Amino acid sequence: TQLLEQSPQFLSIQEGENLTVYCNSSSVFSSLQWYRQEPGEGPVLLVTVVTGGEVKKLKRLTFQFGDARKDSSLHITAAQPGDTGLYLCAPTNAGKSTFGDGTTLTVKP
Amino acid sequence: DAGITQSPRYKITETGRQVTLMCHQTWSHSYMFWYRQDLGHGLRLIYYSAAADITDKGEVPDGYVVSRSKTENFPLTLESATRSQTSVYFCASSASGSETQYFGPGTRLLVL
C-alpha cells in the first residue's frame, strides 16, 4: 500500500493570500490526481498530473508534479472564500485507490 | 437523472441491525467504489468492483459486504452495524480503474 502524506492538515487564511499544500510519498506515482471536496458534497477532480516536472494551471490553481514523481504541490494565488474545502490527492491505481487524509482549507472573507 | 446517486442520504440505525446503502450510476462505468470518510480522515476504500460480478477488498472491508449483479448498481451492506461504522459513505464510479472517479453525494449513517 502506498502511503500518502498531505500537509498541512489544516490551513486557515484570509481572502487574497497565497498558499501551497503538499502531497508526498516514499513511492513513485505513475500519475496523481487532485480532488476538492466542498462541505457536504463528494470530491470532484481538479487535475491529473502524469509527467515528472509537469506543471498544470487551472485559473488561480497551479499544480506541480515532482521530477521524481514522488511528490506534488498545489499552489493557490489570491485565495477566495469559494476555495474553501478539503483538498485530496490520490495516485492512480487500477482500482485499489488510496487517498491522502487531505488538507482542510478555510478562506475567510 | 444522469450521474451517480446514493440512497438513502441519511440513515439512523441501531447496533446489530443490517443496513444496505444503495449506489446507482447511469454512465455504464466499469469500476465502482465504496469509501468511508470519518472526521480527520480522508477517504478510506472499503470495496471496489472492476465489473459486474467482480469485487475486491479495499483498505477497510471488515463488517461490510458488497455485490454487483448489474453494472449500474453497487449496494453496500453492513451485516450487523456497530457504532464504529458511524460515518459518511461515498460511492464513486470511473470508466477505468485509473481515470477520474465521479462521486455520489454521500450517505450519512449514524449507528446508535
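Provided above is the structure to which this section pertains.
Everything numeric here is computed off the predicted structure, so don't read it as measured data. (Residues numbered from 1 in each chain as written. Chains lettered and ligands numbered in written order. Predicted model: local features only at pLDDT ≥ 70, side-chain atom pairs only at ≥ 80, totals over all residues. Heavy atoms only, no water.)

Asker: Got a sec to walk through the overall build of chain A? Specific residues and values, please.
Answerer: Assigned secondary structure in chain A consists of zero helices and ten strands. Overall, chain A shows an N-to-C arrangement of helices and strands of β-β-β-β-β-β-β-β-β-β. On C-alpha atoms alone, chain A measures out to a radius of gyration of 13 Å, which is about the 13 Å that the 2.2 N^0.38 rule sets for 109 residues. By principal-axis analysis of the C-alpha atoms, chain A measures approximately 40 × 30 × 20 Å. Split into buried and exposed, the 109 residues of chain A put 46% on the buried side. Within the structure as shown, chain A displays about 5,200 Å² of accessible surface, and the carbon and sulfur contribution to it stands at 49%. On chain A, the mean spot of the 9 positive side-chain charges and the mean spot of the 10 negative ones are 5 Å from each other. (Helix = DSSP H or I, 4+ residues; strand = E, 2+ residues; numbered from the N terminus. Rg over C-alpha atoms; globule rule 2.2 N^0.38 Å. Buried < 20%, exposed > 50% of the residue type's maximum accessible area, 1.4 Å probe, protein only. Areas by Shrake-Rupley, 256 points an atom, 1.4 Å probe, with all protein chains shown as cover. Lys, Arg positive; Asp, Glu negative; His and termini not counted. Charge placed at Lys NZ, Arg CZ, Asp CG, Glu CD.)

Asker: Please set out the state of the cysteines residue by residue, giving values where relevant.
Answerer: Residue and element names in this part refer to chain A. This model, assessed by the stated rule, comprises two disulfides over all chains. Across the disulfide, C23 is cross-linked to C89 (sulfur-sulfur distance 2.0 Å). Residues C23 and C89 are joined through a disulfide that is right-handed, its torsion about the S-S bond being 75 degrees. Of the two residues, C23 is situated in strand β3 (residues 19-25) and C89 in strand β9 (residues 85-91); the sequence distance between them amounts to 66 residues. (Disulfide = S-S within 2.5 Å.)

Asker: Tell me about the interface of chain B and chain A, and please be specific about residues and values.
Answerer: Listed as interface residues are 23 residues of chain B and, on the opposing side, 20 residues of chain A. At the boundary of chain B with chain A, total buried surface from both sides reaches about 1,500 Å², with 51% on carbon and sulfur atoms. At the junction of chain B and chain A, the tally comes to zero salt bridges. Seen at the junction of chain B and chain A, the total is four residue pairs in polar contact (both at pLDDT 80 or more). Ranked by residues supplied to the side of chain B that touches chain A, first place goes to strand β4 (residues 31-37) of chain B with four residues. Grouping the amino acids of the side of chain B that touches chain A by side-chain chemistry returns nine nonpolar, ten polar and four charged. (Contact = heavy atoms within 4.5 Å. Buried area = accessible area lost by both parts, 1.4 Å probe. Salt bridge = Lys/Arg side-chain N within 4 Å of Asp/Glu carboxyl O. Polar contact = N/O pair within 3.5 Å; in protein donor to acceptor, adjacent residues only side chain to side chain. Nonpolar A, V, L, I, M, F, W, Y, C, P; charged D, E, K, R; others polar.)

Asker: Let's hear about the sheet that holds strand β1 (residues 4-7) of chain B: which residues, and what values?
Answerer: Residue and element names in this part refer to chain B. The four strands lie next to each other as β1-β3-β8-β7, forming an open sheet whose pairing is antiparallel. Among the strands making up the open sheet, the edge pair consists of β1 and β7 (64-66). Across this sheet, the average inter-strand angle for adjacent strands is 20 degrees, counted without regard to direction. In terms of strand pairing, β7 meets strand β8 (residues 76-78) through three bridges, oriented antiparallel. Bridge pairing in β8 places Y64 opposite L78. (Pairing = 2+ DSSP bridges. Axes fitted to C-alpha atoms, helices over the stretch in contact; angles between N-to-C directions.)

Asker: An account of unusual backbone geometry is needed here, citing residue identities and associated values.
Answerer: Cis rather than trans, the peptide bond between S7 of chain A and P8 of chain A has omega equal to -10 degrees. Mapped onto the elements, P8 of chain A comes out in the loop between β1 (4-7) and β2 (10-14). A cis amide bond links S7 of chain B with the next residue in sequence, P8 of chain B, at an omega value of -10 degrees. The phi torsion at A78 of chain A lies on the positive side, around 50 degrees, for a residue other than glycine. Position of A78 of chain A among the secondary structure elements: in the loop between β8 (71-76) and β9. A78 of chain A gets classed as partly exposed once you look at its relative accessible area, which sits at 30%. Notably, S28 of chain B is not glycine yet its phi reads approximately 60 degrees, a positive angle. Here S28 of chain B is to be found in the loop between β3 (19-25) and β4. Given the relative accessible area of 58%, S28 of chain B is considered exposed.

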